[in-house]
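Architecture and fold: a report
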There are 2 protein chains.
Amino acid sequence: MSHYDFSAQRLFVEAPLAPGLAFVPPAEALNYLLNVLRLREGDAVLVFNGRDGEFLAVIAEATRRSAKLRVERMTRAQSKGADLDYCFAPLKQARLDYMAQKATEMGTGRLVPVITRRTQVRKVNAARLRANAVEAAEQCGILTVPDVLEAVELTDFLAAFPQERLLVFCDEDAAIANPYEALFEKKAQGVSLLIGPEGGFDDAERASIARAPNVVTLSLGPRVLRADTAAVAALAILQAAIGDWRSNAL
Amino acid sequence: MSHYDFSAQRLFVEAPLAPGLAFVPPAEALNYLLNVLRLREGDAVLVFNGRDGEFLAVIAEATRRSAKLRVERMTRAQSKGADLDYCFAPLKQARLDYMAQKATEMGTGRLVPVITRRTQVRKVNAARLRANAVEAAEQCGILTVPDVLEAVELTDFLAAFPQERLLVFCDEDAAIANPYEALFEKKAQGVSLLIGPEGGFDDAERASIARAPNVVTLSLGPRVLRADTAAVAALAILQAAIGDWRSNAL
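Because the structure is predicted, anything quoted here is derived from the model rather than measured.

Let's shift gears to the overall build of chain A. Helix and strand content of chain A: 7 helices and 12 strands. Principal-axis analysis of the C-alpha atoms gives chain A an extent of 60 × 35 × 30 Å. Expressed as a percentage of the 250 residues in chain A, the buried residues total 53%. A sequence separation of at least 24 residues applies to 73% of the contacts in chain A between residues at least 6 apart. When the accessible surface of chain A is totalled, it reaches about 11000 Å², and 51% of it is carbon and sulfur. Charge-centre separation for chain A: the mean point of 29 positive side chains lies 3 Å from the mean point of 31 negative side chains.

This is the structure:
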């Protein structure tokens, strides 16, 4: 991928996008464009909605308080999000925000909060996680924004887990082997990466997870990693072993 | 590695450590122990200094304002830090703090600021980076704290680079191949991972780097990664491919 142009501002919108369409962005986006970036009539931004691709759009009909965005041309075609779920025990808010951003940067398709026995926090603000995912997508040139699912109990998560899907389970008690080699032979339709709470999984939970039809256990090395570090590290190993670090697809 | 006990407080000190020694910790550490953690006489902390190992120490001779730490027994023997240098173009402070923490969690032995043409920030507060490294080491049960070197210009960095050392160069313009396989065949005495500024390396710099005797170029996938994400991702790939994620050594 050629060097990214950080000077082009990118804005996620919900509106349908196609050349010739014009719309008034939501209040928060308007404020950002007009008052923070101080864009004026004729200035351009890149817009995307996770569905239609990325487009160059121009500020039009600008007043002091409002403006339209007029979509001019497509800059990149929509790519499919990876079938890669990032499944995590919820953390306290600041680390959770960060984790959502990092998981998005690393190409996750869906964020799945999973409640385990030692999970510190049992409720998740899905809208806030989504907002963090959007921000990371905007800043890093990513065309899809991961969906954020409702929190699910581990037992229900495992009961509903499709047989043909690969479950990659990060367990700090796993023997340290070569994580890459543990994954290399696995071909799967879709992958879910499961990272537990800072207190770890208990024995009963670990046994339940091990009973999944298509499961690989990964240790993330000899050091303890904080949950947001583990997120990036595990996703890097996964993407390099069986994901899109092996091809040019975004 | 067995599940880490997050309830045991760990404190980094500069003082020599051995059973029977007692010392008054520096003012900042004292404040943390007595006023933040509210430890009292007889309470225990784990102490380490990056040289002598990790020890159980007990609060002794406590007054309202001061106390001694009396070292009781060794809990873990000192392990050698990895010969893994994390070499990075300095960033603005908040991201730099974070990067120092993450590099420490991932087992880096030394932090090496490298000034390139597009580097945003040319001066580095080494003491502050070191303080962040210490914090990460304390929180994650790490026995060594990476040294922070003085910032060096890229040309000098390359001129002084030992012939037998492996230079792993993360270049977003590199063809996306399998990063693990790029590394797998390499045996080296010591590894330096070099990650450039957000603007990337220029062509002359890239050519200079490619002339190093023992260099591997890694792409970190098809997405743009922010510098602190790239740090963890690259170190994870490195550790999994040729580092200590393949053994039980800390």
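Moving on from the model shown.
A few words on the sheet that holds strand S2 (residues 22–23) of chain B. Residue and element names in this part refer to chain B. Read from one edge to the other, the open sheet built from 5 strands follows the order S1-S3-S4-S5-S2, with strand pairing classed as mixed. On the outer flanks of this sheet lie strand S1 (10–12) and S2, each paired with one strand and no other. Note that S1 and strand S3 (residues 44–48) share 3 bridges and pair parallel. What sits directly across from Arg10, in S3, is Leu46. Seen against the sheet, helix H3 (residues 126–139) touches S1 and S3 and runs at an angle of roughly 150 degrees to S1.

Residues and elements named next belong to chain B. Residue position: Leu149 is located in the loop between strand S8 (147–148) and strand S9 (152–153). When its relative accessible area of 27% is taken as the criterion, Leu149 is described as partly exposed. Once residues lying within four places of it in the same chain are set aside, the contact partners of Leu149 are Arg110, Leu111, Val112 and Pro113.

With respect to the element layout, Glu105 of chain B can be found in helix H2 (residues 93–105). Sequence-wise, Glu105 of chain B and Phe201 of chain B are 96 residues apart; in three dimensions their C-alpha atoms are separated by 26 Å. Once residues lying within four places of it in the same chain are set aside, the contact partners of Glu105 of chain B are Arg223, Leu225, Arg226 and Thr229 of chain A together with Ala136, Cys140 and Ile142 of chain B. In terms of polar contacts, Glu105 of chain B uses its side chain to reach the side chain of Thr229 of chain A, at 2.7 Å.

A regular strand places its side chains so that they alternate between the two faces of the sheet. Residues and elements named next belong to chain A. Counting buried positions along strand S10 (residues 166–170) gives 5 out of 5 residues, so the element sits mostly inside the fold. Neither face of S10 is open: one carries Leu166, Val168 and Cys170, the other Leu167 and Phe169, and all of them are buried. In the sheet, S10 pairs with strand S11 (residues 191–195) via 5 bridges, with the strands oriented parallel. Counterpart to Phe169 in the pairing with S11 is Leu194. Note that S10 and strand S12 (residues 215–218) share 4 bridges and pair parallel. What sits directly across from Cys170, in S12, is Leu218.

Another point: the packing of helix H7 (residues 227–242) of chain A against helix H7 (residues 227–242) of chain B. In the contact formed by H7 of chain A and H7 of chain B, the axes pass within 8 Å of each other and the chain directions differ by 55 degrees. Viewed along their axes, H7 of chain A and H7 of chain B adopt a mutual orientation that is oblique. Our pair here, H7 of chain A against H7 of chain B, has a crossing hand that is right-handed. On H7 of chain B, the residues touching Thr229, Val232, Ala233, Ala236, Ile237 and Ala240 of chain A of H7 of chain A are Thr229, Val232, Ala233, Ala236, Ile237 and Ala240 of chain B. Of the residues belonging to the contact of H7 of chain A with H7 of chain B, the class tally is 10 nonpolar, 2 polar and no charged.

Okay, the packing of aromatic side chains next. If you walk through the whole model with that rule in mind, you get 9 aromatic pairs over all chains. Aromatic pair Tyr98 of chain A and Tyr98 of chain B: ring centres 4.5 Å apart, planes at 50 degrees, arrangement tilted. Linking Tyr98 of chain A in helix H2 (residues 93–105) with Tyr98 of chain B in helix H2, this pair reaches from one chain into another. Classification of Tyr98 of chain B by relative accessible area gives buried; the value is 17%. Ring centres of Phe169 of chain B and Phe201 of chain B lie 5.1 Å apart, and the angle between their planes is 70 degrees; on these two criteria the pair is classed as edge-to-face. Taken together, the residues Phe169 of chain B in strand S10 (residues 166–170) and Phe201 of chain B in the loop between strand S11 (191–195) and helix H6 (203–210) connect sequence positions 32 residues apart. Of the two residues examined, Phe169 of chain B and Phe201 of chain B, each falls in the buried class. Lying over the aromatic face of Phe48 of chain A, Arg10 of chain A brings its terminal NZ or CZ to 4.1 Å of the ring centre.

For the structure shown, the criterion picks out 32 salt bridges over all chains. With a closest N to O distance of 3.2 Å, Asp228 of chain A and Lys102 of chain B form a salt bridge. Taken together, the positions of Asp228 of chain A in helix H7 and Lys102 of chain B in helix H2 put the pair across two chains. For the pair Asp228 of chain A and Lys102 of chain B, a shared accessibility class is recorded, and that class is buried. If you follow the salt bridges from partner to partner, you end up with Arg95, Arg226 and Asp228 of chain A together with Lys102 and Glu105 of chain B in one network.

Here we take up the confidence of the model for chain A. Predicted confidence across chain A gives a mean pLDDT of 87, with 92% of residues reaching 70 or more. Among the prediction metrics, the complex's ipTM stands at 0.86, with pTM recorded as 0.87.

Rules and cut-offs
Residues numbered from 1 in each chain as written. Chains lettered and ligands numbered in written order. Predicted model: local features only at pLDDT ≥ 70, side-chain atom pairs only at ≥ 80, totals over all residues. Heavy atoms only, no water. Helix = DSSP H or I, 4+ residues; strand = E, 2+ residues; numbered from the N terminus. Buried < 20%, exposed > 50% of the residue type's maximum accessible area, 1.4 Å probe, protein only. Contact = heavy atoms within 4.5 Å. Areas by Shrake-Rupley, 256 points an atom, 1.4 Å probe, with all protein chains shown as cover. Lys, Arg positive; Asp, Glu negative; His and termini not counted. Charge placed at Lys NZ, Arg CZ, Asp CG, Glu CD. Pairing = 2+ DSSP bridges. Axes fitted to C-alpha atoms, helices over the stretch in contact; angles between N-to-C directions. Polar contact = N/O pair within 3.5 Å; in protein donor to acceptor, adjacent residues only side chain to side chain. Parallel < 35°, antiparallel > 145°, perpendicular 65-115°, else oblique. Left-handed = near helix turned anticlockwise from the far one by under 90°. Nonpolar A, V, L, I, M, F, W, Y, C, P; charged D, E, K, R; others polar. Phe/Tyr/Trp six-rings, centres within 6.5 Å; stacked < 30°, edge-to-face > 60°. Lys NZ or Arg CZ within 6 Å of the ring centre and 35° of its normal. Salt bridge = Lys/Arg side-chain N within 4 Å of Asp/Glu carboxyl O. pLDDT = per-residue confidence, 0-100.

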